[in-house]
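Remarks on the overall topology
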Amino acid sequence: MKIVALAGGVGGAKLAQGLAQTLPPEDLTIIVNTGDDFEHLGLSISPDLDTVCYTLAGLANNETGWGRAGETWNTISNIEKLGGPAWFRLGDQDFATHLERTRRLKEGQSLSQITSEFCKAWGIQVTVLPMSDSPVRTMVDSDEGELAFQEYFVHRHCEPRVKGFRFDGVEAAKPAPGVSEALEAADAVIFCPSNPWVSIDPILGVVKEINKPVVAVSPIIGGKTVKGPAAKMYSELGIEPSALAVAKHHRSTLKGFVLDHLDASMEEQIRQLGLATLVTNTLMNLPTDRSRLANDVLNFIGSL
Ligand code: GDP
């Protein structure tokens, strides 16, 4: 069964790893959000791509959910001592990724070529693609005006109240090479449990149409996010955060929806939206949870 998974960072990477442990590498393509990408300290940084790749390569820091395991922080500490910006924490190993990515971009390589070569160097066998080689930048409309995504997310700790989102550059951005081909070849598409507003929506903004059965896994469990601002965003936009809200959010694209046992009381309402449902444990604390959930989702797709 050929699968395309759409992923943001933390939640996306966890299920992507479960799928990578379950499917033959040639059957899995992961399309990653690049709306969070930004330029900082003169470097081109792709946080979601790096989280997915570090996770697949077994290099990720599982405690923070971003960056590399076993990091040291000499470079950023010295930048801070010199009066430079240190709000976006970059470890020494991580710096190498951004330096080399930036060097290659400046030489004219595309983000998708660079990602493919980094994946080879890290021993990643599945295909990881950025959603686009052209810049798309998520802008957060807030009570403090419009903020670039990392300014809102990291610098301001998601404190400003959200009023909406805009994906700068999305109209002109073409899917990266391989994205449309993978969707064409896929038997089904999985939305990993990633932030619907700022991880999945930017990818859908670029991809525009998916003509394959789509199944989403809820990133909201018991009305809360495991990590990140998705629930806060729903509340500030006047929508009660829940698995049901996520199902409604993506409803026009979905065939099936995976929700946690904690939210089983919403299953009937989600079915009434016309979606098939699977209730299972969706929290991926342990590595074994990732492959178990991947198996559950794949069996669910097989049953549709
Ligand atoms: P970001 O770009 O790093 O914020 O990453 P994502 O958009 O991929 O992930 C954020 C979402 O992942 C949040 O809404 C979390 O609730 C969700 N998430 C993180 N870990 C898990 C998990 O173990 N299970 C589920 N169901 N969702 C998770």
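No experiment lies behind these values; they were computed from the predicted model shown. (Residues numbered from 1 in each chain as written. Predicted model: local features only at pLDDT ≥ 70, side-chain atom pairs only at ≥ 80, totals over all residues. Heavy atoms only, no water.)

A few words on the nonpolar core. Across soluble globular proteins, you tend to see nonpolar side chains buried next to one another. With 48 residues, the main nonpolar core has L6, F191 and F257 as its most contacted residues. In terms of residues, this core owes the most to one element, helix α8 (residues 196–207), which gives seven residues. Those residues within four positions of F257 in sequence are excluded, and the remaining contacts are A216, S218, A243, V246, A247, I270, L275, A276, T277, L278 and F300. In this structure, A16, C53, I190 and L293 belong to the second largest nonpolar core, which totals 34 residues. (Core = buried A, V, L, I, M, F, W, Y, C linked by side-chain atoms within 4.5 Å. Buried < 20%, exposed > 50% of the residue type's maximum accessible area, 1.4 Å probe, protein only. Helix = DSSP H or I, 4+ residues; strand = E, 2+ residues; numbered from the N terminus. Contact = heavy atoms within 4.5 Å.)

Another point: the sheet that holds strand β5 (residues 127–130). Strand-to-strand pairing in sheets goes through backbone hydrogen bonds, with the strands running parallel or antiparallel. Taken together, the seven strands give an open sheet; going across it, the order is β5-β2-β1-β9-β10-β13-β14, and neighbouring strands pair in parallel fashion. Unpaired on one side and paired on the other, β5 and β14 (276–280) mark the two borders of the sheet. Direction aside, neighbouring strands of the sheet carry axes that sit 20 degrees apart on average. Strand direction decides the pairing type here: strand β1 (residues 3–7) and strand β9 (residues 188–191), joined by four bridges, are parallel. Paired with I3 across the bridge in β9 is A188. Each of β1, β2 (28–32), β9 and β10 (214–217) is contacted by helix α1 (residues 10–22), which is oriented at about 170 degrees to β2, the strand it contacts most. (Pairing = 2+ DSSP bridges. Axes fitted to C-alpha atoms, helices over the stretch in contact; angles between N-to-C directions.)

This part covers the packing of aromatic side chains. The full count for this structure, using the stated rule, is 10 aromatic pairs. Ring geometry for W87 against F88: centres 6.0 Å apart, planes inclined by 85 degrees, an arrangement best described as edge-to-face. Judged by relative accessible area, which is 9%, F88 ranks as buried. With 5.5 Å between their ring centres and 65 degrees between their planes, F118 and W122 make a pair best called edge-to-face. With a relative accessible area of 9%, F118 lands in the buried category. Of the residues examined, W122 reaches a relative accessible area of 21% and is grouped as partly exposed. The positively charged end of R68 is found above the aromatic ring belonging to Y54, 5.3 Å away from the centroid. (Phe/Tyr/Trp six-rings, centres within 6.5 Å; stacked < 30°, edge-to-face > 60°. Lys NZ or Arg CZ within 6 Å of the ring centre and 35° of its normal.)

Glancing now at the packing of helix α4 (residues 92–107) against helix α5 (residues 111–121). Where α4 contacts α5, the two axes come as close as 10 Å, and the packing angle between them is 135 degrees. One way to sum up the angle between α4 and α5 is to call them oblique. The hand of the α4/α5 crossing is right-handed. Where α4 abuts α5, its residues T97, E100, R101, R104 and L105 lie against L111, I114, E117 and F118. Among the residues forming the contact of α4 with α5, the class breakdown is four nonpolar, one polar and four charged. (Parallel < 35°, antiparallel > 145°, perpendicular 65-115°, else oblique. Left-handed = near helix turned anticlockwise from the far one by under 90°. Nonpolar A, V, L, I, M, F, W, Y, C, P; charged D, E, K, R; others polar.)

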